[in-house]
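Listed below, chain by chain, are the residues.
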Amino acid sequence: MAARGDPSGPPGAAAFDAFVREYQDMVYAVAVRLLANEAEAEDVAQTVFLRAYERFADLDGQATVPGWLKTVTTHLCLNHLERYRARWRFFSEMGDADAPAFDAPSAEADPGQVLDEAARRARLEAALRALPPHQRVPLVLFHFEQQSCDDIARVLGVSVGKVKTDLHRGRLALRRWLS
């Protein structure tokens, strides 16, 4: 890959580098939540950005870029889960210290509350990783990606009733895990 500012690099390389830096955390967070595996999420994120590079001329500057990236990430994760069903690992290579952050605390936040919130989020991430994929994926898509049950059913190729059942059972399992 050409260094930034290298005139021998492809046209727009600096713009694409900036594009990747802007969206890499979002893409990785979606992938790691769906796959529950950091190494696999990194692989999927790389594939997402390869696809984005192929379409960069069409994507650059568009307001729909975040949605397109989340959709591509979700589809690649679901394809990955389908292909590697026998290899699912919930806790391997995942440490709470390396869990992706959701939101940065505000400057005036109480340090005790920030720590409590960080601990709660770490427990939630661990609980999500412990769920079977048929429960984890709909929960992530519904609560983190704000997709409707109809959209989730369409993406997963299952009935809306199955999505609702998996959401309900996943929430019950999370409550048991977190209590």
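Preceding this paragraph is the structure being described.
This report concerns the structure included in the present document. (Residues numbered from 1 in each chain as written. Predicted model: local features only at pLDDT ≥ 70, side-chain atom pairs only at ≥ 80, totals over all residues. Heavy atoms only, no water.)

1. With respect to the nonpolar core
Core analysis: the biggest nonpolar cluster contains 42 residues, and Phe19, Phe49, Ala52 and Leu69 have the highest contact counts within it. Of all the elements in the fold, those that place two or more residues in this core are helix H1 (13–35), helix H2 (38–54), helix H3 (56–59), helix H4 (65–83), helix H5 (111–130), helix H6 (133–144), helix H7 (149–156) and helix H8 (160–178). Non-local contacts of phenylalanine 19, meaning those with residues more than four positions away in its chain, are made with Phe49, Ala52, Phe56, Val65 and Leu69. (Core = buried A, V, L, I, M, F, W, Y, C linked by side-chain atoms within 4.5 Å. Buried < 20%, exposed > 50% of the residue type's maximum accessible area, 1.4 Å probe, protein only. Helix = DSSP H or I, 4+ residues; strand = E, 2+ residues; numbered from the N terminus. Contact = heavy atoms within 4.5 Å.)

2. Regarding the packing of H6 against H7
For the pair H6 and H7, the least separation of the axes is 10 Å and the interaxial angle reads 135 degrees. Of the possible angle classes, the one that applies to H6 and H7 is oblique. Taken as a pair, H6 and H7 cross one another with a handedness that is right-handed. Between H6 and H7, the contacting residues are Val137, Pro138, Leu141 and Phe142 on the first element and Cys149, Ile152 and Leu156 on the second. Along the lines of polarity and charge, the residues of the contact of H6 with H7 split into seven nonpolar, no polar and no charged. (Axes fitted to C-alpha atoms, helices over the stretch in contact; angles between N-to-C directions. Parallel < 35°, antiparallel > 145°, perpendicular 65-115°, else oblique. Left-handed = near helix turned anticlockwise from the far one by under 90°. Nonpolar A, V, L, I, M, F, W, Y, C, P; charged D, E, K, R; others polar.)

3. Structural notes on the pattern of salt bridges
Within this structure, the stated rule accounts for three salt bridges. In this structure, the salt-bridge partner of arginine 154 is aspartate 151, at a minimum N-O distance of 2.4 Å. With arginine 154 and aspartate 151 both in helix H7, this residue pair falls three residues apart, about one helical turn. Take aspartate 151: its relative accessible area is 28%, and that puts it in the partly exposed class. (Salt bridge = Lys/Arg side-chain N within 4 Å of Asp/Glu carboxyl O.)

4. Notes on H1
Where H1 bends most, at tyrosine 23, the angle is about 50 degrees. Residue alanine 36 follows H1 closely and has a positive phi angle near 60 degrees. (Bend = angle between axes of the 7 residues up to and from the residue.)

5. Side note on unusual backbone geometry
For alanine 36, which is not glycine, the phi torsion reads 60 degrees and is therefore positive. Note on placement: alanine 36 falls in the loop between H1 and H2.

6. Comments concerning the side chain of aspartate 166
On the secondary structure map, aspartate 166 appears in helix H8. Owing to a relative accessible area of 6%, aspartate 166 belongs among the buried residues under this scheme.

7. Things to note about the environment of alanine 52
Assignment of secondary structure puts alanine 52 in helix H2. Considered as a pair, alanine 52 and phenylalanine 16 are 36 residues apart in the sequence and their alpha carbons are 9.1 Å apart. Look past the residues within four positions of alanine 52 in its chain and what remains in contact with it is Phe16, Phe19, Leu59, Trp68 and Leu69.

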